[in-house]
Amino acid sequence: MTLEASRLGWYARRLSRMSPGEIGWRARDKVLQSAWSVRRVTSEKVCGYPQTALADHRFAVVLPPQTAARVPPAASAAVLAAGDGLLRGEWEVLGVVRTDMRAPDWFLDPLTGRRAPADSYAFRIDHRSEILTGNIKQIWEVSRLQHVTLLATAYFLSHDEAYASLAADHLRSWWRENPFLSGVHWTSGIEIGIRLISMTWIRRLLDDWPKAADLFEHNDLAVRQIAWHQQYLSAFSSRGSSANNHVIAEAAGQLVASCAFPWFPASDSWRRRSARLLERELMRNTFPSGIGRELASDYQSFVAELALLAAVEAQAAGHPLSDGAWQRLAAVVDSGAALLDQRLRAPRQGDGDDGRALLLDAPSVDRWRSLLALGAALFGPCDWWPPTEPCASSTLISAMPTVTRRVGTRPATRPWHFPDAGTTLLRTTSSREPEIWCRCDGGSHGYLSIAAHAHADALSVEVRYGSVDILADPGTYCYHGEPAWRSYFRSTIAHNTVELDGRSQSVEGGPFLWLRHANAREVDVSDIGDAVEWTAEHDGYLSLTPPARHRRCVRLDRASRTIDIVDEISSSHDVCLAFHLGPDVKAELYGASGVLSWPATECPGVAIVELSTALQWSLQRGQNDPIMGWYSAGLGRRVPAFSLIGRGRSDPDTPFTTRLRFLSASASAIPFGSPTDGTH
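This write-up is about the structure you can find in this document. What you see is a predicted model, and the numbers here were worked out from it, not measured in a lab.

All right, on to the overall build of the chain then. Along the chain, the regular secondary structure elements total 19 helices and 25 strands. Compactness check: the chain gives a C-alpha radius of gyration of 26 Å against a globular reference of 26 Å for 680 residues, within 12% of the reference. Going through the 680 residues of the chain one by one, you find that 60% of them count as buried. Relative to all contacts within the chain whose residues are 6 or more apart in sequence, the contacts with residues 24 or more apart total 73%. For the chain, the exposed area adds up to about 25000 Å²; of that, 51% sits on carbon and sulfur atoms. For the chain, the distance from the average site of its 70 positive side-chain charges to the average site of its 75 negative ones is 5 Å.

Listed below in structure tokens is the structure:
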């Protein structure tokens with residue numbers, strides 16, 4: 001198939017997932033984009049803008065005196081260390097360590113060496129084409145300017161002018177090289193929204209730098225860039241099947257900027273519009289329980305960060321969001337807190353790209369720890385929350401004037417079952433032994449008709465022992481540029497569930513497009529003290545001949561520290577039952593039994609897995625053809641990991657049973673002979 005035919009095929013599939021109203025809106029956008037070509041600003045025109053023309057502007061809200069002294073010393077030291085790395089030109093971007101960050105090329109993809117278009121009209125650039133742009137995530141990530149917020153934070157904490165000077169150099173370079181509607185950085189609203197948040201906080205953190213006003217409000221190009229970003233967002237926003245976390249970022253960015261830079265005739269209307277949009281889409285993008293409707297763990301925290309930043313900015317500017325919006329924000333943070341394991345690791349469900357709404361801490365700081373610290377500062381923790389420590393981000397954001405907020409009713413005890421999202425967490429309760437943590441997926445496939453960030457993972461489980469991944473969700477690894485790997489990491493076979501007839505439960509139409517969704521429903525959930533049990537089923541294989549329904553029951557016996565998994569298939573099909581192990585787990589397979597161990601971890605342990613004797617089992621690791629046995633800790637990173645793969649034929653009268661029994665870490669006697677797949 002030619003590239004053009006492939007591209008046309010994608011457009012046809014994408015069109016099939018749109019409503020008539022969305023098609024009409026997108027047609028309107030195309031007309032407007034064509035008309036806006038006359039508004040494009042070229043690099044030649046930018047060179048003629050004056051540098052000190054607008055002395056009457058003032059920045060709206062700054063941080064109180066002594067705020068820097070409140071940042072914990074360890075957090076401050078980590079920020080300064082990261083800032084020093086940037087002074088040397090060093091910065092990691094989605095798994096790629098760059099050494100050119102003293103003067104970055106805003107259009108270079110370091111993975112492919114390609115350079116995205118810089119001088120073309122933005123709406124004529126196909127940013128999905130790797131041949132044209134390279135890996136667009138690599139290019140966009142640097143232009144979120146979050147490394148510049150890190151430099152500004154380092155200046156705020158140290159008053160070392162080297163950080164401020166480099167931050168200013170990067171801003172001037174970006175503004176000069178990216179005039180309005182020229183180049184690839186004007187092709188995505190989410191990037192524009194995040195960039196506005198970054199620019200707002202850079203200005204805030206540099207406030208007592210003597211050159212801050214000349215960099216921003218006295219700089220005609222800076223003022224124009226802030227206006228251009230908001231003009232774009234007021235005209236082009238994500239709607240219909242694309243109104244996921246992208247629209248939250250767009251609304252949050254415009255609300256933050258219109259409150260912080262109220263310098264323009266349209267500022268009030270931009271603020272009112274973006275506040276309405278944010279509140280509406282926050283309610284649509286989250287369940288009442290607070291779980292994100294995309295059912296992608298990373299994006300729940302991303303949406304929470306974006307909306308909290310906008311809510312804080314609006315509150316400080318005297319234009320607070322509604323009580324209902326704050327109540328939902330508290331629910332999003334509370335539900336996230338409830339799902340964390342004993343070491344505050346979140347689930348790994350669905351897509352994740354390590355995206356942050358704002359970077360004020362060293363990149364190594366865990367986002368959920370930071371988010372809980374911010375939530376605790378803004379509206380207080382629930383009694384059952386895990387302990388939180390303030391960080392640079394939570395300290396600085398909560399220092400904004402008048403931003404603490406009382407919210408209404410919140411969970412009195414730690415929730416473990418979220419029926420609206422189909423998410424259930426089975427966990428042990430004893431504090432004397434490492435926690436056994438098991439997430440069960442019994443909800444919808446994802447959000448909206450394309451479910452862009454969903455995986456084909458219905459009825460899958462994640463199991464951890466003392467926060468060590470035992471049965472692991474594979475992660476995401478990539479979005480662009482490696483289609484086979486993108487497909488694998490979100491396929492059914494890559495998750496801890498059942499694949500029938502070599503097909504995923506849901507039908508893929510592109511890297512962010514699902515054509516048919518497998519939806520699950522919970523049948524029964526019960527907790528009787530010593531044991532907790534979950535049963536669910538999904539409809540993804542009803543299209544097979546004969547139609548098949550997959551039902552799974554998971555039982556955690558807290559007393560015996562055992563997990564039982566029973567899979568029932570309603571008709572006869574080829575079956576592949578997969579259990580993917582975490583990267584720290586060693587495995588030995590003895591026929592239909594296995595020994596798992598993870599000695600080189602902070603919480604070492606041993607488990608026996610008893611597998612269904614109705615299937616033929618193999619142990620696979622790090623295979624490329626076909627792809628199997630991989631784990632991704634983050635975008636751009638993957639490592640080999642063991643997978644237990646059972647193949648055979650289903651019988652509606654014979655379920656597949658699996659038992660995972662955790663032993664003490666000192667267990668050494670293994671009740672089996674020689675491994676059938678070797679010792680690993």
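Attention now moves to the packing of helix α13 (residues 245–260) against helix α15 (residues 297–316). α15 packs onto α13 with a crossing angle of 20 degrees between their chain directions and a minimal axis gap of 9 Å. With respect to each other, α13 and α15 are oriented roughly parallel. Judged by the sense of rotation from one axis to the other, the crossing of α13 with α15 is left-handed. Along the contact surface, α13 presents Asn245, Ile248, Ala249, Ala252, Leu255, Val256, Cys259 and Ala260, while α15 presents Tyr299, Phe302, Val303, Leu306, Leu309, Ala310, Glu313 and Ala314. Partitioning the contact of α13 with α15 into residue classes produces 14 nonpolar, one polar and one charged.

Quick look at the sheet that holds strand β24 (residues 642–649) now. One open sheet accounts for four strands, arranged β8-β15-β24-β19; its pairing is antiparallel. Each edge of the open sheet is held by one strand with a lone partner, namely β8 (498–500) and β19 (616–621). Geometrically, the sheet is characterised by an average inter-axis angle of 25 degrees between neighbouring strands, direction not taken into account. Pairing of β19 with β24, which is carried by six bridges, proceeds in the antiparallel orientation. Note that in β24 the partner of Arg621 across the bridge is Phe642.

The terminal C-alpha atoms of helix α16 (residues 323–339), which comprises 17 residues, lie 25 Å apart, in line with the 24 Å expected from a rise of 1.5 Å per residue. Of all 17 residues making up α16, 14 are buried, and the element is well covered by its neighbours.

On to the nonpolar core, then. Across soluble globular proteins, nonpolar side chains show a tendency to be buried alongside one another. The biggest cluster of nonpolar side chains holds 147 residues, and the ones touching the most others in it are Trp175, Trp201, Leu206, Tyr232, Leu278 and Leu308. Looking at this core, the element that brings in the most residues is α15, giving 13 residues. Excluding its chain neighbours within four sequence positions, the residues that come into contact with Leu278 are Ile248, Ala251, Ala252, Leu255, Ala307, Ala310 and Leu321.

With that settled, the discussion passes to the side chain of Arg348. When you line up the elements, Arg348 lands in the loop between α16 and α17 (367–379). No salt bridge is formed by the buried Arg348, whose closest oppositely charged neighbour, Asp469, lies at an N-O distance of 4.6 Å. Of the polar contacts made by the side chain of Arg348, one reaches the side chain of Tyr631; its length is 3.4 Å. Contacts of Arg348, omitting those with residues within four sequence positions, involve Ser297, Glu462, Arg464, Asp469, Asp473, Pro474, Gly475, Tyr631, Ser632 and Ala633.

Of all the five residues making up strand β18 (residues 606–610), four are buried; the element is thus mostly covered by neighbouring parts of the structure. Here five bridges tie strand β17 (residues 593–597) to β18, and the two strands are oriented antiparallel to one another. Looking at the pairing, Gly594 lines up with Val609 of β18.

Take the pairing of strand β23 (residues 637–640) next. Note that strand β22 (residues 630–634) and β23 share three bridges and pair antiparallel. Across the sheet, residue Trp630 finds its bridge partner in β23, namely Pro640. Counting the residues in the hairpin turn of β22 and β23 gives two residues, including Gly636, whose phi is positive at 85 degrees.

Before going further, it helps to examine the environment of Asp473. Inspection of the secondary structure assignment puts Asp473 in the loop between β7 (468–471) and α19 (483–489). For Asp473, a relative accessible area of 2% corresponds to the buried category. The sequence separation of Asp473 and Ala633 amounts to 160 residues, and the corresponding C-alpha distance is 10.0 Å.

So, on to unusual backbone geometry. Following Thr545, the chain continues to Pro546 via a peptide bond in cis, the omega torsion being -5 degrees. Structurally, Pro546 is set in the loop between β12 (531–538) and β13 (550–557). Residues Asp625 and Pro626 are joined by a peptide bond in cis, for which omega reads 0 degrees. Looking at where Pro626 falls in the secondary structure, it is placed in the loop between β20 (623–624) and β21 (627–628).

Bringing the packing of aromatic side chains into the picture now. Per the counting criterion, the structure on display carries 27 aromatic pairs. Here a set of aromatic residues connected by ring pairs shows up, and it is made of Trp36, Tyr121, Phe123, Trp174, Phe180, Trp186, Trp228, Tyr232 and Phe236. Residue placement shows Arg39 over the ring face of Trp36; its charged tip is 4.0 Å from the ring centre. In this structure, Arg638 is placed above the aromatic ring of Trp630, and the distance from its NZ or CZ to the ring centre is 5.0 Å.

Enumeration according to the criterion identifies 43 salt bridges in this entry. A salt bridge links Glu537 to Arg551; the shortest N-O distance between them is 3.0 Å. Taken together, the positions of Glu537 in strand β12 and Arg551 in strand β13 put the pair 14 residues apart, joining distant regions of the chain. Residue Arg551 is classed as partly exposed on the basis of its relative accessible area, which comes to 29%. Taken together, the salt bridges that share partners define one network made up of Asp341, Arg345, Arg439, Glu462, Arg464 and Asp469.

A few words on the sheet that holds strand β3 (residues 417–418). Neighbouring strands of a sheet are bound in pairs by backbone hydrogen bonds; such pairs are parallel or else antiparallel. Spatial ordering of the open sheet is given by β3-β4-β5-β6-β7, a layout of five strands whose pairing is antiparallel. Only two strands of the sheet have a single partner each, and these edge strands are β3 and β7. Alignment of strand β6 (residues 461–465) against β7, held across three bridges, turns out to be antiparallel. By the bridge assignment for β7, Val463 is matched with Leu471.

Here we take up the packing of α15 against α16. For the pair α15 and α16, the least separation of the axes is 10 Å and the interaxial angle reads 145 degrees. Between α15 and α16 the crossing geometry is left-handed. Across the interface between the two elements, Gln300, Ala304, Ala307, Leu308, Ala311, Val312 and Gln315 of α15 pack against Trp326, Leu329, Val332, Val333, Ser335 and Gly336 of α16. A class-by-class count of the residues in the contact of α15 with α16 yields nine nonpolar, four polar and no charged.

Parameters and conventions
- Residues numbered from 1 in each chain as written.
- Predicted model: local features only at pLDDT ≥ 70, side-chain atom pairs only at ≥ 80, totals over all residues.
- Heavy atoms only, no water.
- Helix = DSSP H or I, 4+ residues; strand = E, 2+ residues; numbered from the N terminus.
- Rg over C-alpha atoms; globule rule 2.2 N^0.38 Å.
- Buried < 20%, exposed > 50% of the residue type's maximum accessible area, 1.4 Å probe, protein only.
- Contact = heavy atoms within 4.5 Å.
- Areas by Shrake-Rupley, 256 points an atom, 1.4 Å probe, with all protein chains shown as cover.
- Lys, Arg positive; Asp, Glu negative; His and termini not counted.
- Charge placed at Lys NZ, Arg CZ, Asp CG, Glu CD.
- Axes fitted to C-alpha atoms, helices over the stretch in contact; angles between N-to-C directions.
- Parallel < 35°, antiparallel > 145°, perpendicular 65-115°, else oblique.
- Left-handed = near helix turned anticlockwise from the far one by under 90°.
- Nonpolar A, V, L, I, M, F, W, Y, C, P; charged D, E, K, R; others polar.
- Pairing = 2+ DSSP bridges.
- Expected span 1.5 Å × (residues − 1).
- Core = buried A, V, L, I, M, F, W, Y, C linked by side-chain atoms within 4.5 Å.
- Salt bridge = Lys/Arg side-chain N within 4 Å of Asp/Glu carboxyl O.
- Polar contact = N/O pair within 3.5 Å; in protein donor to acceptor, adjacent residues only side chain to side chain.
- Phe/Tyr/Trp six-rings, centres within 6.5 Å; stacked < 30°, edge-to-face > 60°.
- Lys NZ or Arg CZ within 6 Å of the ring centre and 35° of its normal.

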